[in-house]
Amino acid sequence: MVDPATRVAFSMVESGLSHTVKALLKEMSGQRVWEKGLIRWSLQKKLEANPSCSVSLVRVLVRELDKLLQADDARSHTHTIPVLHTLYYVVMQSGVMIPTSVYQAVFECVMKLLTLPSPYSAVALSTVRSIKMEMTTPGTELLSYNKC
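Here is what the cut-offs are and how they apply
Residues numbered from 1 in each chain as written. Predicted model: local features only at pLDDT ≥ 70, side-chain atom pairs only at ≥ 80, totals over all residues. Heavy atoms only, no water. Helix = DSSP H or I, 4+ residues; strand = E, 2+ residues; numbered from the N terminus. Buried < 20%, exposed > 50% of the residue type's maximum accessible area, 1.4 Å probe, protein only. Contact = heavy atoms within 4.5 Å. Areas by Shrake-Rupley, 256 points an atom, 1.4 Å probe, with all protein chains shown as cover. pLDDT = per-residue confidence, 0-100.

A. Region of interest: the overall build of the chain. For the chain, the count of helices and strands is seven helices and zero strands. In the chain, the succession of helices and strands from N to C terminus is α-α-α-α-α-α-α. When burial is assessed residue by residue, the chain has 40% of its 148 residues classed as buried. Taking as baseline every contact in the chain between residues at least 6 positions apart, the subset at least 24 positions apart corresponds to 67%. Carbon and sulfur atoms form 61% of the exposed surface of the chain, whose accessible area is close to 8,800 Å².

Below you can see the structure in the form of structure tokens.
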């Protein structure tokens, strides 16, 4: 049973991460060249400083991908690949064990992306293969990635 105080702390962490991810998506749409990458870098630094928030970040990214899928606007798909890359980074660099239920949610969400046109479906297929490999043999995909 999860302590109510812990539940509130988790929701605050997810809320903060959600705000950062939305800012990242807004940054990608913006014209401010000098800010490009700054929010993504700060997100990576948050993960390095507090690896336990990676599970929350995975949940936030899955929600964002679901929102992108539900929007039938072709412009919304331009954010799909950066969100997939961020999701891939979080899963591969996570310093904590990601629960199987979260992996399953990621897998189901990314499988839905396979219906999108190329190149989105190609990136989704590559991501789903890597995440499936990480689910079956943790660390294997990261080792093969580092050899390149």
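B. Main features of unusual backbone geometry. Look at the link from Ser-118 to Pro-119: it is a cis peptide, with omega at 10 degrees. Along the polypeptide, Pro-119 turns up in the loop between α5 (100-112) and α6 (120-136).

C. Spotlight on the confidence of the model for the chain. The pLDDT averaged across the chain works out to 76; a share of 72% of its residues lies at or above 70. Mean pLDDT per element in the chain: helix α7 (residues 140-147) is the minimum at 54, and α5 is the maximum at 90.

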